[in-house]
Amino acid sequence: MARDFQVIIIGGGPVGVGLAVELGQRGIACALVERHMTPQRIPKGQNLTQRSMEHFHFWGIAEKLRSVRLLPDGYPIGGITAYSSLMSDYWFPYSDAPGARAGLQSYYYERNERLPQYLTEEVLRGRLSELPSITTYFGWSAESVTQNESGVRVEIAEVAGAGRETLEATYVVGCDGGRSLVREQAGIDRGGEDFDQRMVLVVFRSKALHEGLERFPERTTYRVVHPDLRGYWQFFGRVDVGEGWFFHAPVTKETTAHNYDFLGLVQEAAGFKFEATMDYVGFWDLRVAVAKRYRNGRASIAGDAAHTHPPYGGFGLNAGLEDITNLGWKLQANLEGWGGDALLDSYDLERRPVFEQTGEDMIAKGIESDREFLDRYNPQRDLAEFERAWKDFEAAANTRQGSYDPHYEGSPVVFGRPGYTPGIHSEPSFTAIPGHHLAPLSLSDGRNVFEALGQGFTLLALGADEASMKAIESAAAEAGVPLAVIRDSFDGGREAYGSRLVLVRPDQFVAWAGDRAPDDAPAVLRRATGSA
Ligand SMILES: Cc1cc2nc3c(=O)[nH]c(=O)nc-3n(C[C@H](O)[C@H](O)[C@H](O)COP(=O)(O)OP(=O)(O)OC[C@H]3O[C@@H](n4cnc5c(N)ncnc54)[C@H](O)[C@@H]3O)c2cc1C
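Worth saying up front: this structure is predicted, and the values here are computed from it rather than measured.

Parameters at a glance
- Residues numbered from 1 in each chain as written.
- Predicted model: local features only at pLDDT ≥ 70, side-chain atom pairs only at ≥ 80, totals over all residues.
- Heavy atoms only, no water.
- Helix = DSSP H or I, 4+ residues; strand = E, 2+ residues; numbered from the N terminus.
- Rg over C-alpha atoms; globule rule 2.2 N^0.38 Å.
- Buried < 20%, exposed > 50% of the residue type's maximum accessible area, 1.4 Å probe, protein only.
- Contact = heavy atoms within 4.5 Å.
- Lys, Arg positive; Asp, Glu negative; His and termini not counted.
- Charge placed at Lys NZ, Arg CZ, Asp CG, Glu CD.
- Pairing = 2+ DSSP bridges.
- Near = heavy atom within 4 Å.
- Polar contact = N/O pair within 3.5 Å; in protein donor to acceptor, adjacent residues only side chain to side chain.
- Areas by Shrake-Rupley, 256 points an atom, 1.4 Å probe, with all protein chains shown as cover.
- Nonpolar A, V, L, I, M, F, W, Y, C, P; charged D, E, K, R; others polar.
- Axes fitted to C-alpha atoms, helices over the stretch in contact; angles between N-to-C directions.
- Domains from an automatic or database assignment.
- Buried area = accessible area lost by both parts, 1.4 Å probe.
- Salt bridge = Lys/Arg side-chain N within 4 Å of Asp/Glu carboxyl O.
- Core = buried A, V, L, I, M, F, W, Y, C linked by side-chain atoms within 4.5 Å.
- Patch = residues over 30% accessible without salt bridge, like charges linked within 9 Å, V, L, I, M, F, W, Y side chains within 5 Å.
- Parallel < 35°, antiparallel > 145°, perpendicular 65-115°, else oblique.
- Expected span 1.5 Å × (residues − 1).
- Bend = angle between axes of the 7 residues up to and from the residue.
- Left-handed = near helix turned anticlockwise from the far one by under 90°.

A. Up close: the overall build of the protein chain. The secondary structure content of the protein chain amounts to 12 helices and 26 strands. What you see for the protein chain is a C-alpha radius of gyration of 24 Å, in line with the 24 Å of a compact globule of 532 residues. The dimensions of the protein chain, computed from C-alpha atoms along their principal axes, are 70 × 60 × 40 Å. Within the span of the protein chain, comprising 532 residues, buried residues form 58% of the whole. The contacts in the protein chain between residues at least 6 apart in sequence include a share of 72% that link residues at least 24 apart. Between the centroid of the 54 positive side chains of the protein chain and the centroid of its 73 negative side chains there is a distance of 1 Å.

B. Seen up close, the sheet that holds strand β20 (residues 307-308). Here 8 strands make up an open sheet; going across it, the order is β6-β5-β14-β15-β16-β13-β17-β20 and the pairing mixed. Each edge of the open sheet is held by one strand with a lone partner, namely β6 (91-94) and β20. Here strand β5 (residues 79-83) pairs with strand β14 (residues 221-225) via 5 bridges, running parallel. Bridge pairing links I80 to Y222 in β14.

C. Geometry of the site of the ligand. Taken together, 30 residues lie near the ligand, and E34, Q117, A142, D304 and L317 sit nearest. Contacts to the ligand include E34, whose side-chain N or O atom sits 2.8 Å from an oxygen atom. Between Q46 and the ligand, the recorded distance is 3.3 Å, taken from a backbone N or O atom to an oxygen atom. Its free accessible area being 1000 Å², the ligand has 88% of it covered by the protein chains. Those elements that place two or more of their residues in the shell around the ligand are α1 (14-25), β3 (30-34), β9 (140-147) and α8 (316-336). Classifying every residue of the shell around the ligand by side-chain character gives 11 nonpolar, 14 polar and 5 charged.

D. Fine view of the sheet that holds strand β23 (residues 457-462). The 4 strands lie next to each other as β24-β23-β25-β26, forming an open sheet whose pairing is mixed. A strand with exactly one partner marks an edge of an open sheet, and here the two such strands are β24 (483-488) and β26 (510-514). Averaged over all pairs of adjacent strands, the angle between their axes in this sheet comes to 15 degrees, without regard to strand direction. As paired elements, β23 and strand β25 (residues 501-504) share 4 bridges and run antiparallel to each other. Residue pairing for β25: L459 is matched across the bridge by L503.

E. Region of interest: the domain arrangement of the protein chain. Split by domain assignment, the protein chain resolves into domain 1 (3-71 + 111-190 + 289-357) and domain 2 (429-528). With centres defined by C-alpha atoms, the gap from domain 1 to domain 2 works out at 28 Å. Counting residues at the interface gives 14 residues for domain 1 and 15 residues for domain 2. Of all residues in domain 1, the largest losses of buried area upon contact with domain 2 belong to F58, W329 and W338, amounting jointly to 45% of the total for that side. Along the contact surface separating domain 1 from domain 2 lie 1 salt bridge. One salt bridge in this structure joins R505 and E350, with 2.9 Å as the shortest N-O distance. The tally of links between domain 1 and domain 2 comes to 7 residue pairs in polar contact (both at pLDDT 80 or more).

F. The nonpolar core, seen in detail. Ranked by internal contacts, the top residues of the largest apolar core, which has 101 residues, are V7, I8, I9, F56 and W390. Examining the composition of this core, we find that 10 residues originate from one element, helix α9 (residues 341-376), more than from any other. In this view, V7 contacts L23, I28, A29, C30, A31, A169, Y171, V173, L331 and L335; residues no more than four positions away in its chain are not counted.

G. Representation of a negative patch on the surface within the structure. Side chains of E193, E360, E368, E372 and D375 sit close together on the surface and give a patch of like negative charge. Of note, D375 is situated in helix α9.

H. Looking closely at the packing of α8 against α9. Contact geometry for α8 and α9: axes closest at 9 Å, N-to-C directions at 170 degrees. The angle between α8 and α9 falls in the class roughly antiparallel. Residues A319, E322, D323, N326, L327, W329, K330, L331, A333 and N334 of α8 lie in contact with α9, whose contacting residues are D341, L343, L344, S346, Y347, E350, R351 and F355. In the contact of α8 with α9, the residues fall into 9 nonpolar, 3 polar and 6 charged.

I. Structural detail: α9. Between the first and last C-alpha of α9 there are 52 Å, a value that for 36 residues agrees with the 52 Å anticipated at 1.5 Å per step. In the structure, α9 departs most strongly from a straight axis at K365, where the bend amounts to approximately 35 degrees.

J. Here's a closer look at the packing of α1 against α8. Remark: α1 packs on α8, axes separated minimally by 9 Å, with the N-to-C direction vectors making an angle of 30 degrees. In this view, α1 runs roughly parallel relative to α8, as classed from their interaxial angle. As α1 runs across α8, the sense of the crossing is right-handed. Of α8, the residues touching α1 (which contributes P14, V15, G18, L19, E22 and L23) are L317, G320, L321, I324, T325, G328 and L331. Looking at side-chain class alone, the contact of α1 with α8 contains 8 nonpolar, 4 polar and 1 charged residues.

Okay, here's the thing in structure tokens:
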């Protein structure tokens, strides 16, 4: 006998559990299948952007998440770049972690955060346990995924037992990481760049390293660029302040956990000898790989299943969380009949170009430009030339994320300006531009707009005429589209939105904006829900 659900989620890492929370809050019946009983205690995925923290706000766990952080309150999130080793004379603080860019904060409702991914996963799992529509299969592995016109079927097996079950649902989502079974069985290929470079991840504890870095301003990450490393980094990240560290660096293909002096490698990158206790050594391959499509029929993929890449810039988890926030309400809309197939198609059309550009323009180009700099300038060859170039290198590192603002303008389900296509190159703005993230402005009752947005669509009606408001409200009611209305005045700072009527999607991106409802208001709703 098969058990029946609306959505089966395969993979219960942060992205899979996040999707289960997103769908569980929407009352969708889901099965979540994860082979591990508990989150893997590897302190990766630490930097959460302001935008990612907005997801946690809507999941009701932003404060809980902040309460389990290991860094002291107010400890600055950001990095140091050093040439050759951390003891070098050439170093600078940098802010190219996503969300760390100066001036970005006012466009987001939440501050960025930093904590080990396993703690984030524990908080997400806690929220999951409160949602009755989710059935969890922790300790189970998905073995096959098939689909036909009416649904999907997933065979699962107990990892430490003999249990087997068949699950059926309308949709399946693979949040099952870089080696995704769902991606493979849905016949989705990947493209991208394989740098053919093995990387080591070392987790260790050392008070002496913490003390040895006291000459720097307080920071959470330290990257070493070295002429021998061909643009790849030796990278230290704090797990806490005082003792816990992770470190990743390129190594040769032959390196194993048993044939290499990892403490020696870490000391060489630090530039001094220190005592340390090694806790973990693991490996990953440096590649930027993006799936050729994010959906095939009833199967979609999200997170590392859709895009794998080095953690340079900390894009992975943050991008994965945005994937599921984009996908969750679209699945709900289709299951409840108020969204069309075009809405599901838009998941791929909106999210894939964002990651392709992130991979190419931010990660791969960053590696290439670091490599060019290190090949060309060397203090031993020409000190004066190197010192001049080092200043430019610092400036470039601090502006690399200059125009990083993912948007969906040009998506068929938003009313964007002609000539735009979804991507990452944009400047955040208070103006409500269709396809762009809504900026969080204050309401006259003292709340922020982000405290008043509904779970479905929201119409911001700011000094708008009654007839326009009613036209959109009744178009939504007729189409069964959930719509909350926020009425307020078009002043007090809210005029910065630039329009009196703003239709906001359930993922806080603007679908449409104008001063009056168009004559055919139902057409706005039809297009925004992919039902046209
Ligand atoms: C050193 C390091 C530092 C990083 N730093 C950052 C950072 O600062 N910011 C950031 O955004 N990202 C960072 N990342 C990337 C981030 O960790 C990943 O992007 C993130 O883990 C992706 O989450 P996921 O849920 O998509 O995949 P995963 O975390 O890989 O989870 C996939 C899950 O699926 C399960 N699974 C797989 N197949 C099956 C199956 N057949 N049946 C059942 N379960 C299955 C696995 O057990 C796993 O739990 C870093 C990564 C590394 C290695």
